[in-house]
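Observations on the three-dimensional arrangement
Below are the chains, spelled out letter by letter.
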Amino acid sequence: MVCYLHGKRGSIMKVLIIGATGKISRHTIAEVATLGHDVTAFGRSVERIKPFERLTVVKGDVTNAQDLAAAMPCHDVVILTFGAPLNRKTIFSEPTSVKLAQEPWSLP
């Protein structure tokens, strides 16, 4: 897989939005797209997402590390917009640990 990452301010970024089918995520997707960035929408019920140019839709589950690992490469930004059940205290740290475990990892 070849990744073209844009690190300069004001350039086009590849943005992954996890939990992309809720009310907040719909607004987030629209705002990111309005700013001219490439958007990847990741969620369980992605068939509800209306397609548009510069949008990639990925069906997956935030609690499945393999789904997350497959969706995350080549993104400059990851935005979490999913709701968390009260009994899952680590659900927000799980996607972060998947991202940090990916190689190669480099900081600008």
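For the structure, see preceding data.
Attention here is on the structure that accompanies the text. None of the values given here were measured: they were computed from a predicted structure.

On the basis of which strands lie adjacent, the open sheet formed by 4 strands has the order E3-E2-E1-E4 and parallel pairing. Because the sheet does not close on itself, it has two edges, and the strands there are strand E3 (55-59) and strand E4 (77-80). Recorded for the sheet is a direction-independent mean angle of 20 degrees between the axes of neighbouring strands. Looking at chain direction, strand E1 (residues 14-18) and E4 are connected through 4 bridges and run parallel. Directly across from Ile 18, in E4, lies its bridge partner Leu 80.

This next bit is on the nonpolar core. If you look at the biggest cluster of nonpolar residues, it comprises 10 residues: Val 15, Ile 17, Ala 20, Ile 29, Val 32, Val 39, Ala 41, Val 46, Ile 49 and Leu 55. Within the residue set of this core, elements represented by two or more residues are E1, helix H1 (23-34) and strand E2 (38-43). Ignoring sequence-local partners within four residues, the contact set of Ile 29 consists of Ile 17, Ala 20, Val 39, Ala 41 and Phe 52. By size, the runner-up hydrophobic cluster in this structure holds 8 residues, among which are Ile 18, Phe 42, Ala 71 and Met 72.

This paragraph deals with H1. Between its terminal C-alpha atoms H1 stretches 17 Å, which fits the 16 Å expected from 12 residues at 1.5 Å a residue. Those residues of H1 lying buried are Ser 25, Thr 28, Ile 29 and Val 32. Seen end-on, H1 carries its buried residues on one side only, within an arc spanning 100 degrees. Exposed residues pointing more than 90 degrees away from the buried face of H1 are listed as Lys 23, Arg 26, His 27 and Thr 34. Gly 36 sits one or two residues past H1 and shows a positive phi near 90 degrees.

The next point concerns the pairing of E2. Counting buried residues in E2 gives 5 out of 6 residues, a clear majority hidden from the surface. Taken together, the 5 bridges between E1 and E2 define a ladder with parallel strand orientation. Looking at E2, one finds that Lys 14 is bridged to Asp 38. Crossover connection from E1 via H1 to parallel E2: handedness right-handed. In this structure, E2 lies alongside E3, joined through 5 bridges in parallel fashion.

Inspection of the entire model under this criterion finds 2 salt bridges. Between Glu 47 and Lys 59 there is a salt bridge whose closest N-O contact spans 3.5 Å. Remark: Lys 59 occurs in strand E3 and Glu 47 occurs in the loop between E2 and E3; sequence separation between them is 12 residues. Taking the relative accessible area as the measure of exposure, Glu 47 reaches 58% and is therefore exposed.

The rules behind these values
Residues numbered from 1 in each chain as written. Predicted model: local features only at pLDDT ≥ 70, side-chain atom pairs only at ≥ 80, totals over all residues. Heavy atoms only, no water. Pairing = 2+ DSSP bridges. Helix = DSSP H or I, 4+ residues; strand = E, 2+ residues; numbered from the N terminus. Axes fitted to C-alpha atoms, helices over the stretch in contact; angles between N-to-C directions. Core = buried A, V, L, I, M, F, W, Y, C linked by side-chain atoms within 4.5 Å. Buried < 20%, exposed > 50% of the residue type's maximum accessible area, 1.4 Å probe, protein only. Contact = heavy atoms within 4.5 Å. Expected span 1.5 Å × (residues − 1). Arc of directions from axis to C-beta. Right-handed = clockwise from strand over helix to strand, strands pointing away. Salt bridge = Lys/Arg side-chain N within 4 Å of Asp/Glu carboxyl O.

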